[in-house]
Amino acid sequence: MLKDKKIGLIGLGIMGKPMAKNLVKAGYDLYVSDLKKESVNEVVGCGAKAATNKEIGEQCDVVLTMLPNSPQVKQVMLGANGLINVMHSGQVFIDMSSINPVASKEIAAELAKKGIEMLDAPVSGGEPKAIDATLSFMVGGRQEIFDEYKELLETMGSSVTRCGDIGAGNTTKLANQLIVACNIQALAEALTLAQKAGVDPHLVFEAIKGGLAGSTVMNAKAPMMMEGNDAPGFRIDLHIKDLNNVLDCAHSVGAPVPMAAEAQEVLQWLHNQGKGAADHSAMAQYYEKLTGIKIGR
Ligand code: NAD
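Residues numbered from 1 in each chain as written. Predicted model: local features only at pLDDT ≥ 70, side-chain atom pairs only at ≥ 80, totals over all residues. Heavy atoms only, no water.

Visitor: I would appreciate a short explanation of the overall build of the chain in the present structure.
Guide: A count of helical and extended segments in the chain gives 13 helices and 9 strands. At 21 Å, the chain has a C-alpha radius of gyration in line with the 19 Å of a compact globule built from 297 residues. In terms of overall dimensions, the chain has a C-alpha envelope of 65 × 45 × 35 Å along the principal axes. Long-range contacts, defined as pairs at least 24 residues apart, comprise 67% of the intrachain contacts of the chain with a sequence gap of at least 6. For the chain, the computed accessible surface area is about 13,500 Å², with 54% contributed by carbon and sulfur atoms. Both charge centroids of the chain, one from 28 positive and one from 33 negative side chains, sit 3 Å from each other. (Helix = DSSP H or I, 4+ residues; strand = E, 2+ residues; numbered from the N terminus. Rg over C-alpha atoms; globule rule 2.2 N^0.38 Å. Contact = heavy atoms within 4.5 Å. Areas by Shrake-Rupley, 256 points an atom, 1.4 Å probe, with all protein chains shown as cover. Lys, Arg positive; Asp, Glu negative; His and termini not counted. Charge placed at Lys NZ, Arg CZ, Asp CG, Glu CD.)

Visitor: What's the story with the pattern of salt bridges in this structure? I'm lost.
Guide: Opposite charge on two side chains allows them to pair when their charged atoms are near. Considering all chains together, one arrives at 15 salt bridges under this definition. Notably, a salt bridge pairs K21 with E42, separated by 2.6 Å at the nearest N-O pair. Placement of K21 in helix α1 (residues 16-25) and of E42 in helix α2 (residues 37-44) is noted, with a sequence separation of 21 residues between them. One salt bridge in this structure joins E58 and K54, with 3.4 Å as the shortest N-O distance. You can see E58 and its partner K54 sitting in helix α3 (residues 53-59), 4 residues apart, about one turn around the helix. A relative accessible area of 37% places E58 in the partly exposed class. (Salt bridge = Lys/Arg side-chain N within 4 Å of Asp/Glu carboxyl O. Buried < 20%, exposed > 50% of the residue type's maximum accessible area, 1.4 Å probe, protein only.)

Visitor: What exactly am I supposed to notice about the environment of S39 here?
Guide: By the secondary structure assignment, S39 is in helix α2. With 11 residues separating them along the chain, S39 and A50 place their C-alpha atoms 10 Å apart.

Visitor: Would you explain the packing of helix α8 (residues 168-196) against helix α10 (residues 216-227) in this entry?
Guide: How two helices pack is summed up by the angle between their axes together with the distance between the axes. The interhelical angle for the contact between α8 and α10, taken along N-to-C directions, is 45°, at an axis separation of 10 Å. In terms of their interaxial angle, α8 and α10 are classed as oblique. Every pair of crossing elements has a handedness; the one defined by α8 and α10 is right-handed. Along the contact surface, α8 presents V180, N183, I184, L187, A188 and L191, while α10 presents V217, M218, K221, A222 and M225. Within the contact of α8 with α10, the residues separate by chemical class into 9 nonpolar, 1 polar and 1 charged. (Axes fitted to C-alpha atoms, helices over the stretch in contact; angles between N-to-C directions. Parallel < 35°, antiparallel > 145°, perpendicular 65-115°, else oblique. Left-handed = near helix turned anticlockwise from the far one by under 90°. Nonpolar A, V, L, I, M, F, W, Y, C, P; charged D, E, K, R; others polar.)

Visitor: Is there a simple way to think about the pairing of strand β8 (residues 135-140) in this case?
Guide: Along any regular strand, the residues point their side chains to alternate faces of the sheet. Most of β8 is tucked away: 5 of the 6 residues are buried. In this sheet, strand β9 (residues 157-164) lies alongside β8 in parallel orientation, the contact comprising 6 bridges. Following the sheet pairing, G140 is matched in β9 by G164. The parallel pair β8 and β9, bridged by helix α7 (residues 143-154), forms a crossover whose chirality is right-handed. (Pairing = 2+ DSSP bridges. Right-handed = clockwise from strand over helix to strand, strands pointing away.)

Visitor: What is the right way to look at the site of the ligand in this model?
Guide: Neighbouring residues of the ligand: 22 residues in total, closest M15, D34, P68, S98 and K241. D34 places a side-chain nitrogen or oxygen 2.7 Å from an oxygen atom of the ligand. The contact in question runs from a nitrogen atom of the ligand to an N or O atom on the backbone of L35, over 3.5 Å. Across the complex, the protein chains shield 90% of the 830 Å² of accessible surface that the ligand would expose by itself. Its residues assigned to classes, the shell around the ligand comprises 12 nonpolar, 6 polar and 4 charged. Each of domain 1 (2-166) and domain 2 (171-291) gives at least three residues to the shell around the ligand. (Near = heavy atom within 4 Å. Polar contact = N/O pair within 3.5 Å; in protein donor to acceptor, adjacent residues only side chain to side chain. Domains from an automatic or database assignment.)

Visitor: Honestly, helix α4 (residues 70-78) in this entry has me stumped. Any pointers?
Guide: Given 3.6 residues per helical turn, the α-helix brings residues three or four places apart onto the same face. Here α4 has its buried residues at S70, V73, V76 and M77. In an axial view of α4, the angular spread of the buried residues amounts to 140°, which keeps them on one side of the axis. With respect to the buried face of α4, the exposed residues turned more than 90 degrees away are P71 and Q75. For α4, the elements touching its buried residues are β1 (6-10), α3, β4 (62-65), β5 (92-95), α5 (101-112) and α11 (236-253). (Arc of directions from axis to C-beta.)

Visitor: What am I meant to see in the packing of aromatic side chains here?
Guide: Aromatic rings considered in pairs are described by the distance between their centres and by the relative angle of their planes. Taken as a whole and judged by the stated rule, the model has 2 aromatic pairs. Plain terms: the ring middles of W269 and Y286 are 5.6 Å apart, the flat faces sit at 75° to each other, and that makes the pair edge-to-face. Of this pair, W269 sits in helix α12 (residues 258-275) while Y286 sits in helix α13 (residues 284-291), and the two are 17 residues apart along the sequence. Of the residues examined, W269 reaches a relative accessible area of 24% and is grouped as partly exposed. Relative accessible area serves as the criterion here: at 23%, Y286 is assigned to the partly exposed category. For the ring pair Y286 and Y287, a centre distance of 5.2 Å and an interplane angle of 85° mean the geometry is edge-to-face. Residue class for Y287 comes out buried when judged on its relative accessible area of 8%. Ring-pair connections join several aromatic residues into one group, and the members of that group are W269, Y286 and Y287. Taking NZ or CZ as reference, K3 lies 5.1 Å from the ring centre of Y28, over its face. (Phe/Tyr/Trp six-rings, centres within 6.5 Å; stacked < 30°, edge-to-face > 60°. Lys NZ or Arg CZ within 6 Å of the ring centre and 35° of its normal.)

If you want it as structure tokens, here you go:
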């Protein structure tokens, strides 16, 4: 029975905190850790138990992480005081962070030497869906381990899909992030073109959103661009992190990703303009700067 297992969660940030609360709400015996005491206290106030990373590694049957990126996950798992030093055969590690799939495979290979199974299980959906427990999980790892722990992930998400062996979850997440970034850039470029050519971008949006060019990105981001609203949403700095992982992964597997590289340069320019914490729809501001217009205003 999954509910009889001790679950540990390391990383209580924007995403990890509501995910931890949903695990507690579902009745799991949850141990939590974060560098920020106030985040730990908040989740303990909801019924979780505070622990150190080491205690989680020693005591929990399942170790979950929700950390920023590959270096943090590697440090927590494989570093000098890494959990690998205290974990033992039979325990399971599920990394829910969005990291480089090459790193997922490296971590899994080290853990396998001690008989520790791993799934990479990044999510899409952001904070609102983490709160509602309606995240989408993209999972890599052995089928039997996936089957055993799918129910645990369903506590935090409404869709849990196995995409293949270890690393497949993060590869899928990178594909998602590449498509989203290029979509946003194409949208910003097209609305700028329309306005410069004398056509109201609001009418362009109305006319094309139901056609082949229409998308979830268009419906969410076109209104934001035209209002000049860049409140996140999904921050530019996080998307830069994901596209760095796209480029790293692409270089190591020999896949050409010129569109990702171009979107990354636009995002990096925005970061340099002090927009790292803005929503990624602020890619529109790159085109506004080049043309001197304000899209839709
Ligand atoms: P965050 O920066 O808010 O949270 C990360 C947490 O990890 C922080 O609270 C930090 O203190 C903690 N941490 C770092 N090192 C630690 C250590 N050694 N021990 C214990 N705790 C440690 O990030 P987030 O927005 O919650 O995102 C987490 C992951 O989920 C990232 O990979 C991100 O790309 C991904 N993601 C985020 C969103 C989003 O909308 N925020 C959406 C989908 C996926």
